[in-house]
Amino acid sequence: MARQVVSGIRPRGGRSKALALALTCALAPGLALPAAAAAGEHHPQSTQLADRLAHQVTVAGAWRHLEALQHAADTHHDLRAAGTPGYQASARYVTGRLRQAGYRVRLQPFSFPDSAPVAETARLLTPEPRTLHPLLARYSASLPASGWTGSLAVPPQGGAAAYGCRPGDYAHGDFRGRAVLLRYGLCDVAAKLRQAAAAGASVVLLNVDQQPAGMNIRAGVRPPSAAVLPVATLPRDESEQLAADTARGPVRLALDLRGRAFTNHTFNVLADTPTGRPEHTVVVGAHLDSATEGPGVNDNGSSVAMTLETALRLAPYAKEIHNRVRFAFWGAEEEGLYGSTYYVSQLTAAERRQTALDLNFETIASPNYLRLVYHGSGAVPPGTGSVEKVLLDRFADRRLPTAPLEFDGRSDFVPFIAAGIPAGGGSSGYNQVKTPEWQKLFGGRAGAIADPCYHQRCDALGHLNRTILGQLGDALAWATGRFAVDTADVERGRLT
Ligand code: PHE
Ligand code: ZN
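Conventions adopted
Residues numbered from 1 in each chain as written. Chains lettered and ligands numbered in written order. Predicted model: local features only at pLDDT ≥ 70, side-chain atom pairs only at ≥ 80, totals over all residues. Heavy atoms only, no water. Donors = N, O, S within 2.8 Å, 3.2 Å for Na, K, Ca; no water. Helix = DSSP H or I, 4+ residues; strand = E, 2+ residues; numbered from the N terminus. Buried < 20%, exposed > 50% of the residue type's maximum accessible area, 1.4 Å probe, protein only. Axes fitted to C-alpha atoms, helices over the stretch in contact; angles between N-to-C directions. Parallel < 35°, antiparallel > 145°, perpendicular 65-115°, else oblique. Left-handed = near helix turned anticlockwise from the far one by under 90°. Contact = heavy atoms within 4.5 Å. Nonpolar A, V, L, I, M, F, W, Y, C, P; charged D, E, K, R; others polar. Near = heavy atom within 4 Å. Polar contact = N/O pair within 3.5 Å; in protein donor to acceptor, adjacent residues only side chain to side chain. Areas by Shrake-Rupley, 256 points an atom, 1.4 Å probe, with all protein chains shown as cover.

Caption draft 1: Structural context of the coordination of the zinc ion (ligand 2). The coordination sphere of the zinc ion (ligand 2) contains the protein donors His 287 (NE2), Asp 299 (OD) and Glu 362 (OE), at a distance range of 2.0 to 2.1 Å. All donors to the zinc ion (ligand 2) come from one chain, and their sequence spacing reads H-x11-D-x62-E. Within this pair, whereas His 287 is found in strand E9 (residues 277-287), its partner Glu 362 is found in the loop between strand E11 (355-361) and strand E12 (372-375), the two being separated by 75 residues in sequence. There is no split in this pair, since His 287 and Glu 362 are both buried.

In C-alpha cells, the structure reads:
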C-alpha cells in the first residue's frame, strides 16, 4: 500500500514531482492518501490507476524496448520499414513481450501500394558540371530508362509562385519539355504535379526546403495515382544554387529518375486487455514501421517503446480496468498511414461506435524537442477536446508547458478522426523548425529542426532525448490508465 501512496510521485520527475514528494513525505508514511486530493476534479478510482501506471512506466523500462528495436535495425540493414525483415524483427519482439505479459495478440495482415527507387541520380551539365543529390518521391513516375537531358525552368522566386500550386505560377516562362524546380509546401505534391504537367513540364524537382540546408527528405505522392510526372526532392542548398544559376543563364541537367511500383504486404500488431468493456474500447497506438531511410528509433520507436511499456505495466491491473484497452502497433504508416487506415476500414459500424477514442503518440524523443499536444481547431469529432484536456491537465500538474499541434494529417489518428472517433496524443516534433516562441517554452535551439535525424540513417538510439521521452511517456501512460477507467467525458455528446 505504501507504494501506492507515493504512486503519483517519481523522484526522476521534474520540480513538481519533487515538490509533491516533499508534501507527501510530510504525511505519515503508509497512510492512505486520497488520490483525488492531488489529482483535482476526478473521482479517486479514475486517477489511481493512472497515477500508478505513470509511476511505473519509466525511461529505463522503455529503454530496453528501444535497444531491441535498435537491434532489429542493426541486424537488418539499418531499416525497420514495413514489409522488410527489420519490421518483422520489431514485431516479433513486441509480440513476444506482450504475450509474456498475458496479452492475446493478433496480427492483422494487409497489403499496400509500395514503390522503390531504381535510379535517383542527377548531374548539372551547364553552367558547370556538378553532382546533385535527389531522392525520388515515393510512387513517382519514371523518366525513360535511356536517361533524360534537358533544361531547367524556375517560376519567379520569393513569393507564392515558387511553390507552383497555381496555373498562373507558370505564366511567365516556357516549361514545355523541361524540368521545373518548385518549392515544397503550400499545396500537396499531387497539386504541384498537376499544374506542372498542365504547363507541359517533363519532370519536377522539389526544393525540400529544410533546416539544415543540406538535408533531404523523401517526399511522397498521395494518392499514388496522382503521380503524373517524375518527381524528386533536392536539398535546399542545391536547389537555391540551381535557382541562382537559372537566373543567370541556361541550366542543363542530366537526370536518371526511375522507380518500381509493387504491392507490398505487412501487418498491424493488436493486443487487447482481457478485461474492460469492449463497448468502450480505448485504442492506444503507435506506428511500428520505420521510414525507408533509416532505423526509426525516434520515429516512431520512441512511442512504440512507451506504448509497449505501458501495456506491460498495465497487465497486472486487469481487474481495475473498466474499459477495454487495445494496444495497436501500426504497419506502413510511413508509406501513407496504411495500417491504421486498414484497421478502421475493417471495423463494423458498431465497433466504430464502440471505439471510445484513439491515443496516438508520434516521435517523442527528439533532441531539439518540443512538447506538443494534438489539437483540432477545425471540425473534429466530439470528445477530441476532452482527450486533449486530459493530456493538458497532466502536463499542467507537472508544471510542464505545452504547445498545440494541429492535427496535421501526418500520423495514424487520421483514419480515426475521419471515422468520427475522437483522438489525441502528442509529439516532441519531427521536421518542424523551432520558433523563438517554442524556444521560450521548451529551451533548445530556435531556428533548428526538432529532429535532425527525421527520416535519416542517424535516427538511432544514440540521438534520443531521455527527458522528453520520459515526459511524453508519462502522459501516454497516465492517459491510458485514466481512460482505461473512465471515458465518460470523452464519450459524452457522442452520437450513438
Ligand atoms: N508521418 C509520415 C510523414 O509525415 C508519413 C505520412 C505519409 C503521413 C503520408 C501522411 C501521409 O511524412
Ligand atoms: Zn512517424
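More follows now that the structure is in view.
Caption draft 2: Quick peek at the packing of helix H6 (residues 85-100) against helix H9 (residues 297-314). Running from amino to carboxyl end, H6 crosses H9 at an angle of 15°, the nearest separation of the two axes being 9 Å. When the axis of H6 is compared with that of H9, the two are roughly parallel. In the packing of H6 onto H9, the handedness of the crossing is right-handed. Listed contacts from H9 to Tyr 93, Val 94, Arg 97 and Leu 98 of H6 are Val 304, Leu 308, Ala 311 and Leu 312. The residue inventory of the contact of H6 with H9, partitioned by class, reads seven nonpolar, no polar and one charged.

Caption draft 3: Main features of the site of ligand 1. Lining the immediate environment of ligand 1, one finds Arg 222, Glu 333, Glu 334, Gly 336, Leu 337, Gly 409, Arg 410, Tyr 454 and His 455. Between Glu 333 and ligand 1, the recorded distance is 2.9 Å, taken from a side-chain N or O atom to a nitrogen atom. Burial of ligand 1 by the protein chains amounts to 80% of its free accessible area of 320 Å². Across the shell around ligand 1, the residue classes tally to two nonpolar, three polar and four charged.

Caption draft 4: Inspection of helix H7 (residues 189-198) at higher detail. Among the ten residues in H7, seven count as buried, and that is most of the element. Among all positions of H7, only Val 189, Ala 190, Ala 191, Lys 192, Leu 193, Gln 195 and Ala 196 are buried. Packed against the buried residues of H7 are strand E5 (179-183), strand E6 (203-207) and strand E7 (231-234). Immediately downstream of H7, the backbone of Gly 200 shows phi near 90°, a positive value.

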